[in-house]
Amino acid sequence: MILITGDIHGSIDIDKLDPEVNPELGELTKDDYVIIVGDFGLVWDNGENDLYWRNWLENMPYSVLFLDGNHENFDLLNELPEERWNGGRVHRLSDHILHLMRGQLFDIDGHTFFTFGGADSHDKDYRTEGQDWWPQELPNDEELAEARQTLTDCGFKVDYILTHCAPTSVQRELILVKNDDSYSRNRLTEFLEGVKERTRYKHWFCGHYHIDFTSTFDPKLDVMYNYFIELPVSKRAPNPDQQPIAPVSDESTPAETVSAAAAEDSAHETAPEPPADKNEASRTDVARPKTADED
Ligand SMILES: [Fe+2]
């Protein structure tokens, strides 16, 4: 099973990943994936908090895949060991936590995914470069070129597109919906607009805007925050060359009790399950709504 969800901002919005908050997650296995579409935020300073919550995630029942957002320490993220996994380049944090790099095409459980993280921080004027803001949040020419080549190689046809920010046209819609004009059109939203125009895809998922919203401009595009969307069972045969996420036996990973900190938050009520999405993917769960201080 593959589930998609939105930003976690380190430990700020991580409780939605706790099976005590969303019990469905407790039924997953390490062969199932939870994909976070950016603002992972747990490669921030490699300090005690980062390591605690990465270990907590590693010990969840499922595997974690994530895109980079705009709130990542790109100096540290790009130092992580890189490897190829299921057709694309990844940074490996641990046995069951991988960063899906930009401009890649992955084949996961018989679905193809084009990935491109990053976004513009609209509050960067109040941040300090190298401390809490990194210019690598927006792509360089090389990353854009690799993405174009990846899409060319697959004939501009993929199953799913995963990004952190939205194409310009959908972002414009979000500016109206949120009544917030601080989101800027930039080289990434414009690049994604081109991807949108040219690529055939079943569904597109992005994060960044801290809202759960299906675009009316493009009903195949879901903006993710606290919802989880489950992808359908593949109609295709699984890729026989698919690699397991872990390079080593699970025996090397010590079991750990779910953190007391997460358990404290379990008192939050889980909202009733919303009606199934009319699109191919379906919303399956919702964690408590939260406000966050950044996007
Ligand atoms: Fe965010």
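Residues numbered from 1 in each chain as written. Predicted model: local features only at pLDDT ≥ 70, side-chain atom pairs only at ≥ 80, totals over all residues.

Some thoughts on the sheet that holds strand 12 (residues 221-223)
In sheet architecture, strand pairing relies on hydrogen bonds along the backbone and comes in two forms, parallel and antiparallel. Reading across the sheet, the 6 strands line up as 7-8-9-10-12-11 and stay open at both edges, with mixed pairing between neighbours. Only two strands of the sheet have a single partner each, and these edge strands are strand 7 (104-108) and strand 11 (213-214). Of the strand pairs in this sheet, strand 7 and strand 8 (residues 111-116) are connected by 5 bridges, and their pairing is antiparallel. Looking across to strand 8, one finds that F106 is bridged to F113. (Pairing = 2+ DSSP bridges. Helix = DSSP H or I, 4+ residues; strand = E, 2+ residues; numbered from the N terminus.)

A closer look at the nonpolar core
Of all hydrophobic cores here, the largest spans 66 residues; its most connected members are I35, V37, F205 and M224. Not counting residues within four places of it along the chain, the set of residues in contact with M224 comprises I4, T5, G6, V37, F205, C206, G207, D212 and I229. (Core = buried A, V, L, I, M, F, W, Y, C linked by C-beta atoms within 7 Å. Buried ≥ 20, exposed ≤ 12 C-beta atoms within 10 Å, placed from the backbone. Contact = placed C-beta atoms within 7 Å.)

Quick look at the environment of F116
Structurally, F116 can be placed in strand 8. Expressed as a C-alpha distance, the spacing of F116 and C206, which sit 90 residues apart in the sequence, is 9.6 Å. What F116 contacts, discounting residues up to four positions off in sequence, is R102, G103, A147 and T163.

Some remarks on the confidence of the model for the chain
The share of residues in the chain with pLDDT of 70 or more is 79%, and the mean pLDDT across the chain is 85. Below pLDDT 50 for its whole length, residues 233-238 participates in 7 contacts with residues either more than four positions away or in separate chains. Segment residues 248-280: pLDDT under 50, and 42 contacts once partners within four positions in sequence are set aside and those in other chains are kept. (pLDDT = per-residue confidence, 0-100.)

Quick word on helix 1 (residues 48-58)
Within helix 1, the full set of buried residues consists of W53, W56 and L57. Along the axis of helix 1, the buried positions cluster into a sector of 100°, meaning they face one direction only. Exposed and oriented more than 90 degrees from the buried face of helix 1 are E48 and L51. (Arc of directions from axis to C-beta.)

Quick look at the environment of L98
Here L98 lies in strand 6 (residues 97-100). In sequence terms L98 and S63 are 35 residues apart; their C-alpha atoms lie 8.5 Å from each other. The contact partners of L98, leaving out residues within four places of it in the chain, are L65, W85, V90, H91, R92, L93 and I245.

Details of the pairing of strand 10 (residues 203-206)
Covered by surrounding structure in strand 10 are H203 and F205 together with W204 and C206, the residues of both alternating faces. Sheet topology note: the strand 10/strand 12 ladder contains 3 bridges and is parallel. Across the sheet, the residue bridging to F205 is D222, located in strand 12.

Structural notes on helix 3 (residues 141-153)
In a regular helix each residue adds 1.5 Å, so 13 residues correspond to 18 Å; helix 3 covers 18 Å between its end C-alpha atoms and thus fits that length. Along helix 3, the positions that sit buried rather than exposed are A147, T150 and L151. Taken down its axis, helix 3 places every buried residue within 95° of arc, on the same side. Summarising the geometry of helix 3, the exposed residues directed more than 90 degrees from the buried face are D141, E142, A145, Q149, T152 and D153. On the buried face of helix 3, the contacting elements are strand 7, strand 8 and helix 5 (187-198). A positive backbone phi angle near 70° is found at G155, which sits one or two residues after helix 3. (Expected span 1.5 Å × (residues − 1).)

Here we look at the packing of helix 4 (residues 168-178) against helix 5
At a minimum axis separation of 7 Å, helix 4 and helix 5 run at an interaxial angle of 115°. Residue-level contacts link T168, S169 and Q171 of helix 4 to T189, E190 and E193 of helix 5. Looking at the contact of helix 4 with helix 5 residue by residue, the classes come out as no nonpolar, 4 polar and 2 charged. (Axes fitted to C-alpha atoms, helices over the stretch in contact; angles between N-to-C directions. Nonpolar A, V, L, I, M, F, W, Y, C, P; charged D, E, K, R; others polar.)

Focus on unusual backbone geometry
Even without being glycine, N86 reaches a positive phi, approximately 50°. Looking at the secondary structure, you find N86 in the loop between strand 4 (82-85) and strand 5 (88-94). Judged by the 22 C-beta atoms lying within 10 Å of it, N86 is buried. With phi around 55°, F156 is a residue other than glycine that occupies positive phi space. Looking at the element boundaries, F156 is found in the loop between helix 3 and strand 9 (160-163).

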